[in-house]
Protein chains: 4
Amino acid sequence: MTQEKSYKWFVDTLSPFENHMHGIDRIVFSKRTAFQDVEILDLKDYGRCLILDGKMQSSQSDECIYHEVMVHPALLSHPNPKKVFIVGGGEGATLREVLRHPSVEDVLMVDIDQEVVDACKRYLPEWHQGAFDDPRVTLKYLDARKYIEETQEVFDVIIIDISEPVEEGPAYLLYTKEFYELVYDRLSHDGLIVLQAGTTTIRYLLNFSAVCHTLEAVFPIVSPYHASIPSFGLPWGFALASKKYNPMELDIAEIDHRISKRIRGELQAYDGKTHHGQFLLSKQIRTKMAQEHRIIEDNHPLYVAV
Amino acid sequence: MTQEKSYKWFVDTLSPFENHMHGIDRIVFSKRTAFQDVEILDLKDYGRCLILDGKMQSSQSDECIYHEVMVHPALLSHPNPKKVFIVGGGEGATLREVLRHPSVEDVLMVDIDQEVVDACKRYLPEWHQGAFDDPRVTLKYLDARKYIEETQEVFDVIIIDISEPVEEGPAYLLYTKEFYELVYDRLSHDGLIVLQAGTTTIRYLLNFSAVCHTLEAVFPIVSPYHASIPSFGLPWGFALASKKYNPMELDIAEIDHRISKRIRGELQAYDGKTHHGQFLLSKQIRTKMAQEHRIIEDNHPLYVAV
Amino acid sequence: MTQEKSYKWFVDTLSPFENHMHGIDRIVFSKRTAFQDVEILDLKDYGRCLILDGKMQSSQSDECIYHEVMVHPALLSHPNPKKVFIVGGGEGATLREVLRHPSVEDVLMVDIDQEVVDACKRYLPEWHQGAFDDPRVTLKYLDARKYIEETQEVFDVIIIDISEPVEEGPAYLLYTKEFYELVYDRLSHDGLIVLQAGTTTIRYLLNFSAVCHTLEAVFPIVSPYHASIPSFGLPWGFALASKKYNPMELDIAEIDHRISKRIRGELQAYDGKTHHGQFLLSKQIRTKMAQEHRIIEDNHPLYVAV
Amino acid sequence: MTQEKSYKWFVDTLSPFENHMHGIDRIVFSKRTAFQDVEILDLKDYGRCLILDGKMQSSQSDECIYHEVMVHPALLSHPNPKKVFIVGGGEGATLREVLRHPSVEDVLMVDIDQEVVDACKRYLPEWHQGAFDDPRVTLKYLDARKYIEETQEVFDVIIIDISEPVEEGPAYLLYTKEFYELVYDRLSHDGLIVLQAGTTTIRYLLNFSAVCHTLEAVFPIVSPYHASIPSFGLPWGFALASKKYNPMELDIAEIDHRISKRIRGELQAYDGKTHHGQFLLSKQIRTKMAQEHRIIEDNHPLYVAV
């Protein structure tokens, strides 16, 4: 018997020419649903994780970064968010972070794949921590694009927490100018939208850049930001788009003040310094974004390479 | 003939349970020297790269991030750096960035492995860009620890650009308290040291954290910072330690001012905003660093896992 | 949702420079026992399989080849085998094949690792098919080397169905001249021994060759043979050593006759033609074996590379 | 510096769920021609090898098995082969083996891809050993299907040494009943054809089985056989189809006699015993082949999975 080593590996295909491999401890759940391949694995380095169509969605070791960074910059930038709409977010952790804001009165969550949500409810209790049972929550299993086309509801914050746009995948019509126009109409006069926007690695910046430029075609204020989420294998980007409030106008002390006043419990990965570090993109990224001009449209969608 | 795909792969072992795989276009150079395995590869996604003992050192697509971020925060924090000492830095790109500062009059570079430097001179011209021929440069092939023990020279900035400390590797005695004390003595009264300090991923933060704490045992001011260097597969950390100047006391405008006044040519990846983004570590990292207290000593060295 | 592909892989290390990778469907069982790492996996291509210390032991799709080829040449070469001793064989499939011979009155099986046998009983029912419950069987969990040193029993056929000799592994003392001398003494006057003897690939023939030569130092008749067991990734060798009977003296018709007369049920992978095909090693293997002379001894053991 | 290990790997995709990985020492040649991806690599375990579209074609360590086994059973089964036609065989090693028969007066070799042949001439001298310069050889760079449709020449032996039939690949129309009928017409009254016929692993036997059945629809005598070629990762099949001679009617002594009388130099991997071992397929393969009835036709071609 030799020293501990792994014989079983999860291979996350970051591009046709780049893989991230993780030693597997245990396969907790594995199913091909009507929409996607779903896997819940225990990895030796990153703990439990959710994988959709072979791509890491979140892992026990760093989901706190992803979900805190997804939710709090938007909610804290708004003075008093009451109605929140989450598109996707099957793990329930985006929901969990939203519910930490006592100002929030109603959260609507729409995910297309009930089987994913059911698996997360069962196997990812550290993610949702009971959030699905909160009386403020309404959960629907629907196509979010269709829902938003038909609803008349208005929200203070809309959070798009979905997988990347792949050809024939369920998500690509949730990344277009037409979709963001629908979102704009469903936001209150001072509302905000936030979304994960793909990797910020220079080699594959097109998606991040195009998402930001598409948002800029619809919203007056667009604030791209980034975070290191090690389980993703590449640096990751987010975008916050807003009708009125600019997240960079809050200084470090003001963010820390709002956190202590408006969020229940202790955050692990986000505070005022983190906020400013994340919104200060490196010169290389800002330069490259300024050189690209692609807008994503329903008739001219963008797919990520793998 | 099917769509382009890769049959040849470079496997970068990040930990016993985590690999980063890159499609290979071409093997440019491959040799086992007296000190280490050296590979220069052309990767499909990241272009040309230098690999020592199977670990990515720098790649064409993002070496500008690594080397600008390694060099300029330290040199710009000092008002007038004249004498610089580079330990390692075989690619010549750290040297290249140092030489962009006209204030610099002498640069001493000490690398243990002449075969690495010779291969970089030949195969990485975009890295060094002729820097080795600059008359301000003195290049020696020596054990840097031994050199610094014996020299009486004094430097304004010392840059430690070496690979990670692995068991039986050439580098582990360049990460200890005793070594930093030697460095301290060889710095001028207002001198600084900067070094790459390993990954900042939470799961393997021990090395980064211990390097910073060890520096804190020697220097009054220690400023850890981080950058996304996609080819490394994990978020990466640096540490700047200083006798007098604090890099965070320069605001964004002042850094941009010093860049325009004191650096020749255009930087690609570093400016005032980048500087502040990089020194603002996330809450999760700061919390974890505060919980760890390991000091690295000659008799109690630290090795990274793989 | 794209076409079916695998994100989870089992990596079988055939040598430091050769791996065989298999898409995983399901992890059925995974444990580190007192003796070894045990995995039972469902592979996409090969079905269920048993893996010890990261090495494929047998798979649903071709275990019939391995076990029929291990057992029947030896038992059919003997005119009337009554007492059989199986060393190892945790899956129970070697036992299953032995029990198909009505002449067999007693089978002793000694495996060092009860946890492996218990897992096989539970998760590999197609392998053992209830064999462990046959009243002719005695099952002991012991060190087989020690057992054979102390017992006075005599057997007609001894089958060594164990994993390869790796350093610090449980098996290496079951491959030495001293062990085969003990086996010789515990065989009846016309007894035979058969064992799996490692790959017959030319590059790694040393183990196969040395096992055969070591047997030749003890037994008058040694018959190496080989089979293609695709899940092993490399061609595989066996050796039959005998005091009196030569398996190649039976012609195709005689073997088919003995099969029909002496084996219950239908064989899948073995008959007279198969027998002769397997004992006719290629010229390249025979030539290389003739050039090697290594004998394995307790004080001079042989370990396979990985 | 740790023990020797490989950071660079060639990944041979045997099926969507099975890969064979080889440590790379050196990339000797790599090009995308008009027809295929061509690689010549030095592998740590198997030495130099030729790879087309990511699939191992032959390796230094075992090309003697492949090429001797491809050529000599057919040529020795014929009493006096004078005219030989090789389809494919870019390495020149099939040609080398054919030319060892002094009875052969003319060899026509037709390969579609001159760039492959040129690379083999330059980088695989151990394969061709100067065979291309033999005055008996005519080499043409053409589509072999088209050539055979138009020629009126007649041959004693036709050898089809091409890669596997993949969709859109150059080879699939060289595996159909219509093609074999053309071949039949171009063979002398007692002529033979031999070809590599894909893996004989049970899980992917369809191609081997269908090739044999398709040959049976055209030729009176079809003799499938197999060999272990370790670099292929899976056991491999060949098929010899004949108008008059049956390769199994020659006993071991007669084959050894013909070898010594009719072949120049010493063979490494083939003799009478090898011949009989290879034509004696295992019961499992014979049973499965008897259950399948697929015939390959121009309008109903067969592609291998990867």
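Note that the structure is predicted; figures quoted are calculated from it, not measured.

A.B. asks: Explanation requested: the overall build of chain A in the structure shown.
C.D. replies: Along its length, chain A carries ten helices and twelve strands. Taken against the 2.2 N^0.38 rule, which gives 19 Å for 306 residues, the C-alpha radius of gyration of chain A at 18 Å falls within 12% of a compact globule. The principal-axis extents of the C-alpha atoms in chain A amount to approximately 65 × 45 × 40 Å. Pairs at least 24 apart in sequence give 67% of the contacts found in chain A among residues at least 6 apart.

A.B. asks: What exactly am I supposed to notice about the relation of the copies chain A and chain B here?
C.D. replies: Relating one copy of the chain to the other takes a rotation about an axis and a shift parallel to that axis. Between chain A and chain B, the superposition needs a rotation of 180° and an axial shift of 0.0 Å, giving an RMSD of 0.0 Å. As the rotation angle and translation indicate, the two copies are arranged about a two-fold axis. Ranked by how close their C-alpha atoms come to the rotation axis, the residues of chain A are headed by G277 of chain A, at 2.0 Å. In this assembly, 95% of the residues forming the interface of chain A have copies in chain B that are likewise at the interface, indicating an isologous arrangement.

A.B. asks: How do you make sense of the interface of chain A and chain B when you look at a structure like this?
C.D. replies: Bring the parts together and some accessible area is lost; that lost area is often taken as the interface size. The interface is formed by 40 residues belonging to chain A together with 38 residues belonging to chain B. For the side of chain A that touches chain B, the secondary structure elements donating two or more residues are β2 (18–32), α1 (63–77), α9 (272–279) and α10 (283–291) of chain A. It is β2 of chain A that contributes the most residues to the side of chain A that touches chain B, six residues altogether. Residues of the side of chain A that touches chain B, tallied by class, amount to 14 nonpolar, 17 polar and nine charged. Summarising the sheet, β2 of chain A and strand β2 (residues 18–32) of chain B pair through five bridges and their orientation is antiparallel. Paired with H20 of chain A across the strands is H20 of chain B, a residue of β2 of chain B.

A.B. asks: Whenever I open this one, the nonpolar core confuses me. Can you help?
C.D. replies: Most often, soluble globular proteins have nonpolar side chains that are buried together. Counting residues in hydrophobic clusters, the biggest one holds 376 residues, and the most contacted among them are I159 of chain A, I159 of chain B, I159 of chain C together with I159 of chain D. Leave out the neighbours within four places in its chain, and I159 of chain A touches M70, V71, A74, V84, I86, V87, G89, T94 and V194 of chain A.

A.B. asks: How do you make sense of the interface of chain C and chain A when you look at a structure like this?
C.D. replies: Counting residues at the interface gives 19 residues for chain C and 20 residues for chain A. Residue assignment for the side of chain C that touches chain A shows that the elements contributing at least two residues are β1 (8–15), β2 (18–32) and β3 (37–43) of chain C. Across the side of chain C that touches chain A, the residue classes break down as nine nonpolar, four polar and six charged.

A.B. asks: How do you make sense of the pairing of strand β9 (residues 155–161) of chain A when you look at a structure like this?
C.D. replies: Looking along a regular strand, one sees side chains alternate from face to face of the sheet. All names here are of chain A. Counting buried positions along β9 gives seven out of seven residues, so the element sits mostly inside the fold. Relative to β9, strand β6 (residues 83–88) is paired through five bridges, and the arrangement is parallel. Residue V87 lies in a different strand from β9, and its bridge partner there is I160. Pairing geometry for β9 and strand β10 (residues 187–199), over five bridges, is parallel. Following the sheet pairing, I158 is matched in β10 by I193.

A.B. asks: Quick question: what am I supposed to make of the pairing of strand β5 (residues 55–59) of chain B here?
C.D. replies: Residue and element names in this part refer to chain B. A large share of β5 lies buried, amounting to five of its five residues. Two elements, strand β4 (residues 47–52) and β5, share four bridges in a ladder whose sense is antiparallel. Bridge assignment links I51 to a residue of β5, and that residue is M56. Between β4 and β5, which pair antiparallel one after the other, the connecting turn spans two residues, and D53 there sits at a positive phi close to 45°.

A.B. asks: Got a minute to help me understand the packing of helix α8 (residues 252–262) of chain B against helix α9 (residues 272–279) of chain B in this structure?
C.D. replies: How two helices sit against one another is set out by the angle between their axes and by the gap between those axes. All names here are of chain B. Look at α8 against α9: their axes get within 7 Å of each other, and the N-to-C directions meet at 125°. Here α8 lies oblique to α9, going by the angle between them. Pair α8 / α9 crosses with right-handed handedness. Counted together, I252, A253, I255 and D256 of α8 and G272, K273, H275 and H276 of α9 form the full contact between these two elements. The class makeup of the residues in the contact of α8 with α9 is three nonpolar, three polar and two charged.

A.B. asks: How should I be thinking about helix α6 (residues 177–186) of chain D in this particular structure?
C.D. replies: Every α-helix winds through 3.6 residues per turn, so residues three or four apart in the chain are directed the same way. Residue and element names in this part refer to chain D. Listed in full, the buried residues belonging to α6 are F179, Y180 and V183. Down the axis of α6, the buried side of the element spans an arc of 95°, and every buried residue falls inside it. Lining the buried residues of α6 we find α5 (144–150), β9 (155–161), β10 (187–199) and α7 (206–216).

A.B. asks: Sorry, what's going on with unusual backbone geometry here?
C.D. replies: Trans is the common state for peptide bonds, and a negative phi is the common state for residues other than glycine. Residues and elements named next belong to chain A. The phi torsion at Q129 lies on the positive side, around 50°, for a residue other than glycine. In this fold, Q129 is placed in the loop between α4 (125–128) and β8 (137–141). Judged by local crowding, Q129 falls into the partly exposed class, with 14 C-beta atoms found within 10 Å.

A.B. asks: Honestly, the relation of the copies chain C and chain A in this entry has me stumped. Any pointers?
C.D. replies: With an RMSD of 0.0 Å, chain C superimposes on chain A once it is rotated by 180° and translated 0.0 Å along the axis. Taken together, the interface assignments show that 100% of the residues at the interface of chain C recur at the interface of chain A, consistent with an identical surface on both copies.

A.B. asks: Explain the domain arrangement of chain A here, please?
C.D. replies: Residues and elements named next belong to chain A. For chain A, the assigned domains are domain 1 (9–59) and domain 2 (63–291). Facing the 23 residues of domain 1 at the interface are 22 residues of domain 2. Among the secondary structure elements, those contributing two or more residues to the side of domain 1 that touches domain 2 are β1 (8–15), β2, β3 (37–43), β4 (47–52) and β5 (55–59). Considering every element that reaches the side of domain 1 that touches domain 2, the biggest residue donor is β5, with five residues. Its residues assigned to classes, the side of domain 1 that touches domain 2 shows eleven nonpolar, seven polar and five charged.

A.B. asks: For this particular structure, what's the right way to read the sheet that holds strand β6 (residues 83–88) of chain C?
C.D. replies: Sheet strands associate in pairs through backbone hydrogen bonding, adopting either a parallel or an antiparallel arrangement. Residues and elements named next belong to chain C. Read across the open sheet, the seven strands follow the order β8-β7-β6-β9-β10-β12-β11; overall the sheet is mixed. Because the sheet does not close on itself, it has two edges, and the strands there are β8 (137–140) and β11 (221–227). Pairs of neighbouring strands in the sheet enclose a mean axial angle of 15°, with direction left out of account.

A.B. asks: What exactly am I supposed to notice about the arrangement of the chains here?
C.D. replies: In this structure chain B stays clear of chain C, and the shortest span between their C-alpha atoms is 13 Å. You won't find any contact between chain A and chain D; their C-alpha atoms come no closer than 13 Å.

A.B. asks: Is there a simple way to explain the sheet that holds strand β11 (residues 221–227) of chain D in this structure?
C.D. replies: Residue and element names in this part refer to chain D. Taken in spatial order, the seven strands make up an open sheet running β8-β7-β6-β9-β10-β12-β11, and their pairing is mixed. Strand pairing shows two members of the sheet lacking a second neighbour, β8 (137–140) and β11, which therefore form its edges. Sheet twist, expressed as the mean angle between neighbouring strand axes with direction ignored, is 15°. Contacts from α7 reach β10, β11 and β12 (236–242), with the element oriented near 165° to β10.

A.B. asks: What's the story with the environment of I263 of chain A in this structure? I'm lost.
C.D. replies: Residues and elements named next belong to chain A. Mapped onto the elements, I263 comes out in the loop between α8 (252–262) and α9. On the neighbour-count criterion, I263 (20 C-beta atoms within 10 Å) is buried. For the pair I263 and H101, spaced 162 residues apart in the sequence, the C-alpha separation amounts to 5.0 Å. Residues within four places of I263 in sequence aside, it is in contact with H72, R100 and H101.

A.B. asks: Would you explain the confidence of the model for chain A in this entry?
C.D. replies: In regions of low pLDDT, the predicted coordinates are not meant to be interpreted in detail. Per-residue confidence for chain A gives a mean pLDDT of 95; residues scoring 70 or more make up 98%. Here the predicted complex scores 0.92 on pTM and 0.92 on ipTM.

What counts, and at which threshold
- Residues numbered from 1 in each chain as written.
- Chains lettered and ligands numbered in written order.
- Predicted model: local features only at pLDDT ≥ 70, side-chain atom pairs only at ≥ 80, totals over all residues.
- Helix = DSSP H or I, 4+ residues; strand = E, 2+ residues; numbered from the N terminus.
- Rg over C-alpha atoms; globule rule 2.2 N^0.38 Å.
- Contact = placed C-beta atoms within 7 Å.
- Least-squares fit on C-alpha atoms with pLDDT ≥ 70 in both.
- Nonpolar A, V, L, I, M, F, W, Y, C, P; charged D, E, K, R; others polar.
- Pairing = 2+ DSSP bridges.
- Core = buried A, V, L, I, M, F, W, Y, C linked by C-beta atoms within 7 Å.
- Buried ≥ 20, exposed ≤ 12 C-beta atoms within 10 Å, placed from the backbone.
- Axes fitted to C-alpha atoms, helices over the stretch in contact; angles between N-to-C directions.
- Parallel < 35°, antiparallel > 145°, perpendicular 65-115°, else oblique.
- Left-handed = near helix turned anticlockwise from the far one by under 90°.
- Arc of directions from axis to C-beta.
- Domains from an automatic or database assignment.
- pLDDT = per-residue confidence, 0-100.

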